[in-house]
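The chain contents come next:
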Amino acid sequence: MAKKQFKAESKRLLDLMIHSIYTHKEIFLRELISNASDALDKLYYQSLQSGDTGIKRSDFQINVSADKDARTLTISDNGIGMSKEELEANLGTIAKSGSLTFKEEHAEEDKDSKEKKAIDIIGQFGVGFYSAFMVADEVIVTSKAYGSQQAYRWQSKGADGYTVEEAEKSNYGTEIVLHIKEDTEGENYSKFLEEYTVRDLIKRYSDYIRYPIQMMVEKHRPKEGAEPEEGTAPEMESYMELETLNTMEPIWKRQKSKVKPEDYNEYYKSKFGDYEDPVKVIRTSVEGVSSYTALLFIPGHTPYDYYTKDYEKGLQLYSSGVMIMEKCKELLPDYFNFVKGLVDSQDLSLNISRETLQHDRQLKNIAKNLEKKIKKELLDFLKENREGYEKFFDNFGRQIKYGLYDDFGMHKEVLADLVLFYSSMEKKRITFDEYIAKMGDDQKYIYYAAGESVEKIDMLPQTEFIKDKGYEILYLTDEIDEFVLQMMRDYKEKEFKSVSAEDLAEEGSSEQQETIKKAEEENKELLDFIKDSLGDKVTEVKLSPRLKNSPVCLTTKGGISLEMEKVLNAMPTDQQIKAERILEINPDHEVMNTLQEAYAAGEEGKEKVKTYASLLYNQSLLICGLTVDDPVKFSEDICKLIVK
């Protein structure tokens with residue numbers, strides 16, 4: 001029989017398609033099973049059109065079998081089948097899709113029939129069939145159209161062409177036989193003949209095809225008549241049994257009322273390899289410009305690799321129940337990368353290999369809608385289950401904070417009302433809204449203090465002034481916290497202000513400010529002397545309006561605080577960052593009196609002032625959680641005081 005050439009494209013195109021379009025060879029099975037599902041859909045649709053009562057959907061099935069000796073993998077269905085002309089048209093023309101043509105022909109009819117509209121056609125590009133040549137050196141398709149008496153066989157070894165001839169086939173439908181390639185040094189093609197590989201691929205990609213995918217599988221049972229000796233295992237025998245390999249009905253397509261919380265939990269743990277139930281399940285269906293169903297989960301704990309470069313975000317992407325991508329990154333923003341789950345849509349524009357998405361309006365719409373849905377569900381979680389939300393925030397709050405800091409605070413409107421910080425008054429974590437709700441009319445700012453822990457922050461001298469005024473302070477304990485608030489600048493027009501800010505003196509009364517100003521003028525020589533004795537360790541020495549009981553504290557001027565200095569210098573860079581430090585002394589503390597008396601005592605007293613200044617500076621460093629610059633000098637200064 002004369003071999004026919006492919007009509008549409010050259011040998012080079014087919015070669016390029018086989019070796020370049022698909023990233024993973026294993027998806028050939030997904031493509032062929034999807035085509036078989038299409039054939040079953042078409043026959044069912046046709047039976048509805050014609051009123052053919054002899055067709056029952058429950059009789060439809062897809063069969064897969066492997067023969068290691070012959071090196072063949074067979075996929076068959078009892079769908080609509082193809083005539084000789086259809087074999088020529090669909091398989092003889094690269095990028096010709098019978099499914100797409102069928103869908104276009106019935107597009108108008110679908111608008112008028114809800115039942116018919118449910119017939120989804122997966123394959124629309126006419127390329128998936130040829131993925132078989134990635135693993136097979138010869139493909140034989142035997143098909144008999146429904147209602148026809150004659151079957152035909154299409155046979156090809158690749159780009160050289162194909163033949164079509166009459167064949168024998170007892171029933172309608174299509175059978176595809178792949179002659180699997182021999183193994184090479186770089187490729188193990190034999191694995192596609194292994195039962196466990198076939199089962200795994202079907203479970204991964206085609207688990208939710210709506211028709212049963214069946215295969216004869218090997219099983220084991222105790223050998224009949226064999227009595228095991230005491231203490232020994234029974235003798236086993238192998239046998240073959242027909243088994244349905246796919247689930248068929250996805251959990252996200254079942255009626256919500258028929259799915260129990262434990263069903264979602266078990267699905268999540270089995271599909272996403274977790275040992276703990278999710279803390280939140282989000283299920284949503286949207287009809288409109290972009291129609292889709294999403295089933296999302298918020299894990300109950302932080303994945304072991306979450307804060308490493310190995311962690312990959314993304315949702316599973318399905319098209320009409322067929323998995324297209326394991327991790328579609330475009331569906332989730334980075335700040336919600338902890339969300340796991342899937343999206344199933346019929347409307348996404350896929351490229352010809354179905355593996356990657358065209359960056360189109362539908363995808364962007366779905367991603368935008370998911371962001372809004374996740375945000376709403378988290379807010380509801382916060383309001384309805386505070387304890388559960390705080391556990392979630394322990395796990396993933398830092399990621400939300402990174403989202404606030406990232407992109408110059410562009411995501412503030414999305415994320416700001418989701419974060420929690422410890423309150424000096426409430427002695428627990430609160431939101432910005434809860435802080436603002438307690439603010440008096442005379443309070444202009446949202447105050448915060450940063451440090452290693454709540455306990456250490458609570459003891460900071462810098463907090464005394466704000467506490468004395470009866471204002472609440474947010475305690476920031478994560479290294480990113482202060483960077484976040486500086487990037488946000490404000491929340492609902494309330495500006496953030498650090499208790500260590502240089503201009504905090506302006507918060508005092510005019511009388512207080514005047515008193516401090518007068519005291520600084522009177523002690524200018526002393527303050528200048530202390531500054532000179534400390535050198536470049538501090539930018540300024542001044543009297544403090546914020547201290548009540550403590551003798552001294554360190555504050556900063558400019559955009560870098562002491563906590564930010566610690567964080568930045570802990571990073572693996574050669575550059576060392578130093579905040580502009582200000583040593584503030586309490587003018588009402590006994591220490592101030594001692595300094596004044598020593599300075600007034602002449603040269604010997606000034607030497608004492610130098611020692612006192614060094615001690616006070618190091619004391620303020622320790623209070624802030626910073627290391628002493630010169631521990632030996634610090635020890636010597638203490639010894640001087642003890643001896644004297």
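The structure reproduced in this document is the subject of the present report. Please read all numbers here as calculations on a predicted model, not as lab measurements.

With that settled, consider the overall build of the protein. A tally of helices and strands in the protein yields 21 helices and 22 strands. Of all 644 residues assigned to the protein, the portion counted as buried reaches 51%. Considering only residue pairs separated by 6 or more positions, the protein has 70% of its internal contacts joining residues 24 or more positions apart. A total of about 32,500 Å² of accessible surface is found on the protein, and carbon and sulfur atoms cover 47% of it.

Mapped onto the secondary structure, Glu 138 falls in strand 3 (residues 136–144). We note that Glu 138 is buried and unpaired, the nearest opposite charge coming from Lys 157 at a distance of 4.8 Å. Reaching out from Glu 138, the side chain makes a polar contact with the side chain of Gln 155 at a distance of 2.6 Å. Discounting chain neighbours no more than four positions away, the residues touching Glu 138 are Gln 155, Ser 156, Lys 157, Val 177, Leu 178 and His 179.

On to unusual backbone geometry. The backbone of Arg 71 shows a phi angle near 55°, a positive value even though the residue is not glycine. A positive phi angle, close to 70°, is found at Arg 489, a residue other than glycine.

This brings us to the packing of helix 17 (residues 524–534) against helix 19 (residues 590–600). Where helix 17 meets helix 19, the axes come as close as 11 Å, and the angle between the chain directions of the two elements is 90°. Looking at the two axes, helix 17 sits roughly perpendicular to helix 19. Here Glu 525, Leu 526, Phe 529 and Ile 530 of helix 17 come into contact with helix 19, specifically with Met 592, Leu 595, Gln 596 and Tyr 599. A per-class count over the contact of helix 17 with helix 19 returns 6 nonpolar, 1 polar and 1 charged.

Another point: the nonpolar core. Grouped together as the largest cluster of nonpolar side chains are 131 residues, with contacts concentrated most on Leu 73, Val 139, Trp 154, Leu 178 and Phe 392. When residues in this core are grouped by element, the largest group, 9 residues, is from helix 2 (residues 28–50). Counting residues in each nonpolar core, the second largest holds 26 residues, with Ile 530, Ala 598, Tyr 599 and Tyr 617 among its members.

On the basis of which strands lie adjacent, the open sheet formed by 6 strands has the order 15-14-17-16-19-18 and mixed pairing. Because the sheet does not close on itself, it has two edges, and the strands there are strand 15 (429–430) and strand 18 (490–491).

Under the criterion given, the structure shown has 32 aromatic pairs. Look at Phe 129 and Tyr 130: their rings are 5.1 Å apart centre to centre, the planes differ by 80°, and that puts the pair in the edge-to-face class. In this structure, Phe 129 and Tyr 130 share a single accessibility class: buried. Each ring, one from Tyr 405 and one from Phe 483, has its centre 6.2 Å from the other, and the planes form 85°; the classification is edge-to-face.

This paragraph deals with the pattern of salt bridges. The tally for this structure, following the rule as stated, stands at 50 salt bridges. Glu 165 is the salt-bridge partner of Arg 153, the closest N and O atoms lying 3.8 Å from each other. A residue pair is termed long-range when its members are at least 10 positions apart, and Arg 153 in strand 4 (residues 151–156) and Glu 165 in strand 5 (residues 162–167) qualify at 12 residues. Under the relative-accessibility criterion, Glu 165 is labelled partly exposed at 29%. For Arg 199, the salt bridge is made with Glu 243, and the minimal N-O distance between the two is 3.0 Å. With a gap of 44 residues between them, Arg 199 in helix 7 (residues 195–205) and Glu 243 in strand 8 (residues 236–244) connect regions that are remote in the sequence. Several salt bridges share partner residues, and in doing so they unite Glu 195, Arg 199, Lys 219, Glu 241 and Glu 243 into one network.

Pairing geometry for strand 1 (residues 62–67) and strand 2 (residues 72–77), over 6 bridges, is antiparallel. Looking across to strand 2, one finds that Ser 65 is bridged to Thr 74. Count of turn residues in the strand 1/strand 2 antiparallel hairpin: 4 residues, of which Arg 71 carries a positive phi of about 55°. Here strand 1 runs beside strand 7 (residues 213–222); their pairing, made up of 2 bridges, is parallel. Bridge pairing links Ile 62 to Ile 213 in strand 7.

Moving on, we get to the sheet that holds strand 20 (residues 540–543). The strand order 20-22-21 describes an open sheet built from 3 strands, whose pairing is mixed. Every interior strand has two partners, whereas the edge strands, strand 20 and strand 21 (552–557), have only one. Averaged over all neighbouring strand pairs, the angle between strand axes comes to 30°, with direction disregarded. The sheet contact formed by strand 21 and strand 22 (residues 580–585) spans 6 bridges and is antiparallel. Residue pairing in the sheet places Lys 557 in a bridge with Glu 580 of strand 22. The strands that helix 20 (residues 603–623) touches are strand 21 and strand 22; relative to strand 21, the one it contacts most, it runs at about 75°.

Moving on: the packing of helix 10 (residues 386–409) against helix 15 (residues 481–488). Running from amino to carboxyl end, helix 10 crosses helix 15 at an angle of 45°, the nearest separation of the two axes being 9 Å. The angle between helix 10 and helix 15 falls in the class oblique. When the axes of helix 10 and helix 15 are compared, the crossing they make is left-handed. Residue-level contacts link Lys 401, Leu 404, Tyr 405, Phe 408 and Gly 409 of helix 10 to Asp 481, Phe 483, Val 484, Met 487 and Met 488 of helix 15.

A few words now on the environment of Glu 175. With respect to the secondary-structure elements, Glu 175 resides in strand 6 (residues 173–180). For the pair Glu 175 and Arg 153, spaced 22 residues apart in sequence, the C-alpha separation works out to 9.4 Å. Filtering out sequence-adjacent residues up to four positions away, Glu 175 remains in contact with Thr 74, Ile 75, Ser 76, Ile 140, Val 141, Thr 142 and Lys 169.

About the thresholds
Residues numbered from 1 in each chain as written. Predicted model: local features only at pLDDT ≥ 70, side-chain atom pairs only at ≥ 80, totals over all residues. Heavy atoms only, no water. Helix = DSSP H or I, 4+ residues; strand = E, 2+ residues; numbered from the N terminus. Buried < 20%, exposed > 50% of the residue type's maximum accessible area, 1.4 Å probe, protein only. Contact = heavy atoms within 4.5 Å. Areas by Shrake-Rupley, 256 points an atom, 1.4 Å probe, with all protein chains shown as cover. Lys, Arg positive; Asp, Glu negative; His and termini not counted. Salt bridge = Lys/Arg side-chain N within 4 Å of Asp/Glu carboxyl O. Polar contact = N/O pair within 3.5 Å; in protein donor to acceptor, adjacent residues only side chain to side chain. Axes fitted to C-alpha atoms, helices over the stretch in contact; angles between N-to-C directions. Parallel < 35°, antiparallel > 145°, perpendicular 65-115°, else oblique. Nonpolar A, V, L, I, M, F, W, Y, C, P; charged D, E, K, R; others polar. Core = buried A, V, L, I, M, F, W, Y, C linked by side-chain atoms within 4.5 Å. Pairing = 2+ DSSP bridges. Phe/Tyr/Trp six-rings, centres within 6.5 Å; stacked < 30°, edge-to-face > 60°. Left-handed = near helix turned anticlockwise from the far one by under 90°.

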